[in-house]
Amino acid sequence: MTFEEAKQCLHNEMDQIEYDKYCAYIFQIPINENIHFTYYDRAWLYDHNGNLIDQSYSSEHFPFRGRPEYAIRFKRGDIVELLNAYCDESKFAIVYNTPPDIETAYKMNNRLKEEYGSLLNSTYDKYFLVYESKKFANLVEGDPLRLIKPRFEPPRNVVRYLNQCLQKAIKEYDEFIF
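Report follows, based on the coordinates. Here the structure is a predicted model, which is why all the values come from computation and not from measurement.

### Digging into the overall build of the protein chain
Then comes step 1: Scanning the protein chain from N- to C-terminus turns up three helices and eight strands.
Then comes step 2: The order of helices and strands in the protein chain, counted from the N terminus, is α-β-β-β-β-β-α-β-β-β-α.
Then comes step 3: Within the span of the protein chain, comprising 178 residues, buried residues form 43% of the whole.
Then comes step 4: Of all intrachain contacts in the protein chain linking residues separated by at least 6 positions in sequence, the fraction that spans at least 24 positions is 59%.
Then comes step 5: Here the protein chain displays about 11,300 Å² of accessible surface, and carbon together with sulfur accounts for 50% of that area.

Structure (structure tokens):
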């Protein structure tokens, strides 16, 4: 199936699904390989109306060269929904740090190449988040393709709690990360 055929199929399915939906994906996977859906060459994320909202910028097969500024959808302090790997559950989180932009990744790649002979991989295309949990300031990585703008306004107490967690994380981690 071509990418255009996959997009048409996605839009047809989105129009026919009667239950509430959050998002949909198209994955480009290597041909003739039996792999898990999280191992892909490219991926595209669509919102509940079938509009493209993000895409992958690296994979297991391609180095990470940074995200264009327009592709860094969230900034520090933004509240997002963090989807689990199967996209059937989400939790609120607050952005602590964003993936590197192209200029920053270029500098990081040069330093890595000089010191270790390697380049950034897909693990660098991540947001750092503090998410809603019993632990205070629990810092986790968030795959950009698992983050969506909240469809509904988060409760005020959750927003207040996440902002408190962010402030604690800034105090605890800013001197160690980036």
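### Quick look at the nonpolar core
Soluble globular proteins tend to pack their nonpolar side chains together in the buried interior.
Then comes step 1: Counting 13 residues, the largest nonpolar core has Ile94, Tyr96, Val130 and Leu162 as its most contacted members.
Then comes step 2: Among the elements of the structure, strand 5 (90-97), strand 6 (127-131) and helix 3 (156-173) are those that each provide at least two residues to this core.
Then comes step 3: The greatest single-element share of this core, amounting to six residues, is contributed by helix 3.
Then comes step 4: Of all hydrophobic cores here, the second largest spans 11 residues; its members include Ile72, Val95, Val140 and Leu147.

### Side note on helix 2 (residues 102-116)
The α-helix advances 3.6 residues per turn, and as a result positions three or four apart in sequence lie on the same side.
Then comes step 1: Look at helix 2: 20 Å from first C-alpha to last across 15 residues, which is about the 21 Å you get at 1.5 Å a residue.
Then comes step 2: Within helix 2, burial applies to Ala105, Met108, Asn109 and Leu112. Buried residues of helix 2, seen end-on, are gathered within an arc of 105 degrees and therefore sit on one face of the element. More than 90 degrees from the buried face of helix 2, the exposed residues found are Glu103, Tyr106, Lys107 and Glu114.
Then comes step 3: Taking the backbone nitrogen of glutamate 103 as reference, a side-chain oxygen 3.3 Å away marks aspartate 101 as the first, capping residue of helix 2.
Then comes step 4: The first or second residue beyond helix 2 is glycine 117, which carries a positive phi of 75 degrees.

### What about the side chain of arginine 67?
Then comes step 1: By the element assignment, arginine 67 lies in the loop between strand 3 (52-55) and strand 4 (79-83).
Then comes step 2: Classification of arginine 67 by relative accessible area gives buried; the value is 1%.
Then comes step 3: Here aspartate 125 takes part through its side chain, which lies 2.6 Å from a polar atom of the side chain of arginine 67.
Then comes step 4: Other than its neighbours up to four places away in sequence, arginine 67 contacts Asp54, Gln55, Tyr57, Ile72, Pro99, Pro100, Asp101, Ile102, Asp125 and Pro144.

Cut-off values and rules
Residues numbered from 1 in each chain as written. Predicted model: local features only at pLDDT ≥ 70, side-chain atom pairs only at ≥ 80, totals over all residues. Heavy atoms only, no water. Helix = DSSP H or I, 4+ residues; strand = E, 2+ residues; numbered from the N terminus. Buried < 20%, exposed > 50% of the residue type's maximum accessible area, 1.4 Å probe, protein only. Contact = heavy atoms within 4.5 Å. Areas by Shrake-Rupley, 256 points an atom, 1.4 Å probe, with all protein chains shown as cover. Core = buried A, V, L, I, M, F, W, Y, C linked by side-chain atoms within 4.5 Å. Expected span 1.5 Å × (residues − 1). Arc of directions from axis to C-beta. Polar contact = N/O pair within 3.5 Å; in protein donor to acceptor, adjacent residues only side chain to side chain.

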